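Tertiary structure, described
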Amino acid sequence: MIVGMWMTRDVVSVVPGVTIAHAAELMSRRHVRRLPVVDKQGGSPRLLGIVTSHDLFRAYPEHINPFSPLAENAQLEDAVVGDVMHRNPVTTAPGAPIEQAARAMCDHKIGGVPVVDKGLLVGIITESDIFRAFVAVLESPSGSVRITLSMAANEDVFALIHKLATPLQVRVVSLMSTHHHETPVCVVRLSGGDLDRFLDDLWKSGHHVINVLRIP
């Protein structure tokens, strides 16, 4: 999966000359925690930076919540987004693997990154988008079985699953391999056919079945 499949395309953005009071009002109204800052000259939004809710909290006096009605009386009319935004923010591309964007968020401890194509803002991908993708990958259809099993290092586990599933008319919905505490594991979702016989044959293969989850 790539970033372009899960990013938000209708991006709420601002220009650097917008007041921080307006940015706070926009974040509150649109229920977002970050705003890409763009240059819209020429008609195409060129990314300049990003401003987050944390930036606005730092810009206001400690006793004022920038997202409350009291912020309107804070006398910060001259403060603009360009003064507090992060320049050269972490970005990703629409064709980048989604796990690469997730790793960037994790490494930099941020909740979202702008998606840029040739310098132009084309979207934004956030933690919520990553969660949606994660659920789509792991969510199992009704009547299926999700099996987590250990595997040997560099093992072609797909060959094993195919060998056991085909004669029993068991359909492989998805298969992924990962590591848990440095131990290689496989998570496979199956449906149809003789799933009980499949499980029995899997145990007999010598693989340790860590978990079996049956979806009603």
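For the structure itself, look to the data block above.
A brief look at the structure comes next.

We now examine the pairing of strand S8 (residues 183–191). Summarising burial for S8: eight of the nine residues are buried, a large majority. Where strand S6 (residues 145–150) meets S8, six bridges bridge the pair, whose relative direction is antiparallel. Bridging across to S8, Ser150 finds its partner in Val185. Direction of pairing for strand S7 (residues 171–180) relative to S8: antiparallel, over a ladder of nine bridges. Bridged to Ser174 within S8 is Arg189. A loop of two residues connects S7 with S8, the two strands running antiparallel in sequence, and His181 in this loop sits at a positive phi of about 50°.

Residues of helix H2 (residues 20–30) that are buried: Ile20, Ala23, Ala24, Leu26 and Met27. For H2, the arc enclosing every buried residue in end-on projection is 165°, short of the 170-degree limit, so these residues lie on one face. Next to the buried residues of H2 lie strand S1 (34–39), strand S2 (46–52), helix H3 (53–59) and helix H4 (81–84). His31 sits one or two positions beyond H2 and adopts a positive phi of about 60°.

With that settled, the discussion passes to the pattern of salt bridges. A complete count under the given rule lists eight salt bridges for this structure. Notably, a salt bridge pairs Asp196 with Arg214, separated by 2.6 Å at the nearest N-O pair. Placement of Asp196 in helix H8 (residues 195–204) and of Arg214 in strand S9 (residues 209–214) is noted, with a sequence separation of 18 residues between them. Two residues, Arg197 and Asp201, come together in a salt bridge whose shortest N-O distance is 3.4 Å. Residue Arg197 and its partner Asp201 are located together in helix H8, separated by four residues, close to a single helical turn. Overall, the relative accessible area of 18% leaves Asp201 in the buried class.

This part covers the nonpolar core. Nonpolar side chains in soluble globular proteins generally cluster together in the buried interior. Judged by nonpolar contacts, the single largest core of 19 residues is most densely connected at Ile147, Val170, Val188, Leu190, Phe198 and Leu202. Elements represented by at least two residues in this core include exactly S6, helix H7 (157–165), S8 and H8. The leading source of residues in this core is H7, at five residues. Dropping the residues within four chain positions of it, Leu202 is found in contact with Ile147, Leu149, Leu160, Leu164, His207 and Val209.

Once that is clear, we can look at the packing of helix H5 (residues 98–108) against helix H6 (residues 127–138). Orientation of H5 relative to H6, taken along the N-to-C sense of each, is 135°, at an axis distance of 11 Å. Relative to H6, the element H5 is oriented oblique. As for how H5 packs across H6, the hand of that crossing is left-handed. The segment H5 lies against H6, with Ile98, Ala102 and Met105 engaging Glu127, Ile130 and Ala133. Residues of the contact of H5 with H6, tallied by class, amount to five nonpolar, no polar and one charged.

Conventions we followed
Residues numbered from 1 in each chain as written. Predicted model: local features only at pLDDT ≥ 70, side-chain atom pairs only at ≥ 80, totals over all residues. Heavy atoms only, no water. Buried < 20%, exposed > 50% of the residue type's maximum accessible area, 1.4 Å probe, protein only. Helix = DSSP H or I, 4+ residues; strand = E, 2+ residues; numbered from the N terminus. Pairing = 2+ DSSP bridges. Arc of directions from axis to C-beta. Contact = heavy atoms within 4.5 Å. Salt bridge = Lys/Arg side-chain N within 4 Å of Asp/Glu carboxyl O. Core = buried A, V, L, I, M, F, W, Y, C linked by side-chain atoms within 4.5 Å. Axes fitted to C-alpha atoms, helices over the stretch in contact; angles between N-to-C directions. Parallel < 35°, antiparallel > 145°, perpendicular 65-115°, else oblique. Left-handed = near helix turned anticlockwise from the far one by under 90°. Nonpolar A, V, L, I, M, F, W, Y, C, P; charged D, E, K, R; others polar.

Everything listed here is a matter of coordinates, which is why it stays silent on function.
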